[in-house]
Amino acid sequence: MTVDQTMFREALLDPEAARPDGLSDGKGRPAGRRFDVYRNNVSVSLTEALEVGFPVIRKLVGQENFRLLASAYLRRHPPHSPLMMHFGADMPSFLANFEPTRQTGYLPDVARLELAIRESYHAADADPLSPAELEALPPEALVGSRVQLATSVRLVRSPWPILSIWRFNAEEAAKSPEMAAEDVLVARPDLDPVPELLPPGGAEFINALLTGATFGDAMDMASEASRNFDLPAVLTVLVKMKTMIEIGG
Amino acid sequence: MLDATAHEFARLPDAPGVGYKPQHFSEIADDAGPVAWLEIHAENYMGDGGRPIAQLRHLAERFAFSVHGVGLSIGGEGPLDSEHLARLKHLVDWLDPASFSEHLAWSTHDSAFLNDLLPLPYTEASLARVAEHVDEVQEVVGRRMLLENPSSYLAFEESTLTETDFLREVAKRTGCGLLLDVNNVFVSATNLGTDPVSYINAFPVELVGEIHLGGHDDDEDDHGAPLLIDNHGSEVADPVWSLFEYTIRKSGPKPSLIEWDNDVPEWPVLKAEANRAAKVLEAATA
């Protein structure tokens, strides 16, 4: 009797499946529940990886519910890479469709924020432009320039107060969330990613910069999207978060 | 062809090492005790940058490093993941560690990664496949690797070779070295009803480039027989220390690692384990 890895894998991921034949306890008896050690290792280690990746989702749904959710997730979306730092990328769409969570509209966007923070954590290092370098540019030159943002920059937009929800569950003494749409910039001013609430038009402006628009065009798009677009406020955030790494034509 | 002499690792010191955990970063830098080298799981340091890489660069100025892969799936039936091999080569190229090791196990099949070290039967066919994979790894990474003995919870009826013969033959065919996990030896022997000392006696200790020590948990199988679980979540058990002492008397001092990956303790607890390993190594040189 030979046991191939297809049989082994299928029985690992499905707790209802029969255990493969051809496995013993080394003393002539069938392996029985010894096989379940591997089943347990797989599900516990992958569940733990999700717990590490989505601490706020875990807090929002509760530990027991998160375990059930994780167990459904890892069967539907098993990892396709040995890099656990990337595991869980399908969590937002999973939460939007999973029966017990699909009515809780903000969960997928909170999961997107948690993914953005994790991606930012592992993104490449970059030297930010100094405030002096930025000030040295005459305003008319700035309008026609394109700015390169660090690869650790992420933008998460939501009709829900995702950053307030995140803070309320991740930080002590945070205020309880009030209903509002929130656009969040995630950047890494030093070694740790920081989420920051964007002022009106900020997301349109940064999104335009990320897609290669000039400063001038990005300002036009942001002003069009929001009458309250406040360029100095957005620039202050971008400088404080050390997001800009190069300015050119 | 791999020119083994040109690409030989600097070699880990014959001293205690620990599995590096980021929560111990400052304490390790301030108070390493007998710890002369650190081991990392390769896959945790394959991001593009940020804190993990920054910590590694900092610690690499002071400590020798062992890169220990957990995701290559060397025992897999399918081909190795060439993208993953390229990431591994990148890490080994910039970090320039004193050692690289992986497991006699599989974890990926049909592209699904199962995040566990899964067992394989020991047959001529699996031997040929593992040797081919080890050759490929050494070829791509450009260095000699160490292959680690697994902890076993069950046996394959189709196996025709003992684990020690299997490992010896892989080493002979590929020129790789071996990583001897003494806790795994004890766990497997208890679980499969064999003798751990006979295993060490049959093991080619001259090929051992590193030893692992770790904690295990106690369970039992359907028949009430002891079933030890290799969970790296506690102190090294006393019978494993005895087996380690026996091994070191036979092999002489070796780079010896304390692995503690779950319920990671405060630094002083881990350091105390390293001290205990240091005493065993010192006794062998005295």
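Keep in mind the model is a prediction, meaning the values are calculated, not measured.

Conventions we followed
Residues numbered from 1 in each chain as written. Chains lettered and ligands numbered in written order. Predicted model: local features only at pLDDT ≥ 70, side-chain atom pairs only at ≥ 80, totals over all residues. Contact = placed C-beta atoms within 7 Å. Helix = DSSP H or I, 4+ residues; strand = E, 2+ residues; numbered from the N terminus. Pairing = 2+ DSSP bridges. Axes fitted to C-alpha atoms, helices over the stretch in contact; angles between N-to-C directions. Domains from an automatic or database assignment. Nonpolar A, V, L, I, M, F, W, Y, C, P; charged D, E, K, R; others polar.

1. Observations concerning the interface of chain A and chain B
By a widespread convention, an interface's size corresponds to the accessible area lost as its parts come together.
Moving on, step 1. Taken together, the 44 residues of chain A in the interface contact 39 residues of chain B.
Moving on, step 2. Counting residues per element, the ones that place at least two in the side of chain A that touches chain B are α1 (5-13), β1 (23-24), α2 (35-53) and α6 (107-122) of chain A.
Moving on, step 3. If you tally residues by element for the side of chain A that touches chain B, the top one is α2(A), at eight residues.
Moving on, step 4. Bridge count between β1(A) and strand β8 (residues 155-156) of chain B: two bridges; the pairing is antiparallel.

2. With respect to the sheet that holds strand β1 (residues 16-19) of chain B
Residues and elements named next belong to chain B.
Moving on, step 1. Strands sit in the order β1-β2-β3-β4-β7-β9-β10-β13 around a closed barrel of eight strands; the barrel is parallel. Put simply, the sheet's adjacent strands are angled 30° from each other on average, direction ignored.
Moving on, step 2. In this structure, strand β10 (residues 208-214) lies alongside strand β13 (residues 256-259), joined through four bridges in parallel fashion. For Gly214, the partnering residue across the bridge sits in β13 and is Glu259.

3. What about the pairing of strand β11 (residues 216-220) of chain B?
Residue and element names in this part refer to chain B.
Moving on, step 1. Pairing of β11 with strand β12 (residues 226-230), which is carried by five bridges, proceeds in the antiparallel orientation. Looking across to β12, one finds that Glu220 is bridged to Pro226.
Moving on, step 2. Connecting β11 to the antiparallel partner β12 that follows it, the hairpin turn spans five residues, and Gly224 within it adopts a positive phi of roughly 80°.

4. Topic: the domain arrangement of chain A
Residue and element names in this part refer to chain A.
Moving on, step 1. Assigned domains within chain A: domain 1 (1-94) and domain 2 (105-249).
Moving on, step 2. The centre of domain 1, based on its C-alpha atoms, is set 37 Å off from the matching centre of domain 2.
Moving on, step 3. Between domain 1 and domain 2, the residue contacts involve 12 residues of the former and 12 residues of the latter.
Moving on, step 4. Counting only elements with at least two residues in the side of domain 1 that touches domain 2, the list comes to α3 (55-61) and α5 (91-97).
Moving on, step 5. Sorting elements by how many residues they give to the side of domain 1 that touches domain 2 places α3 first, with five residues.
Moving on, step 6. Partitioned by chemical class, the residues of the side of domain 1 that touches domain 2 number nine nonpolar, two polar and one charged.

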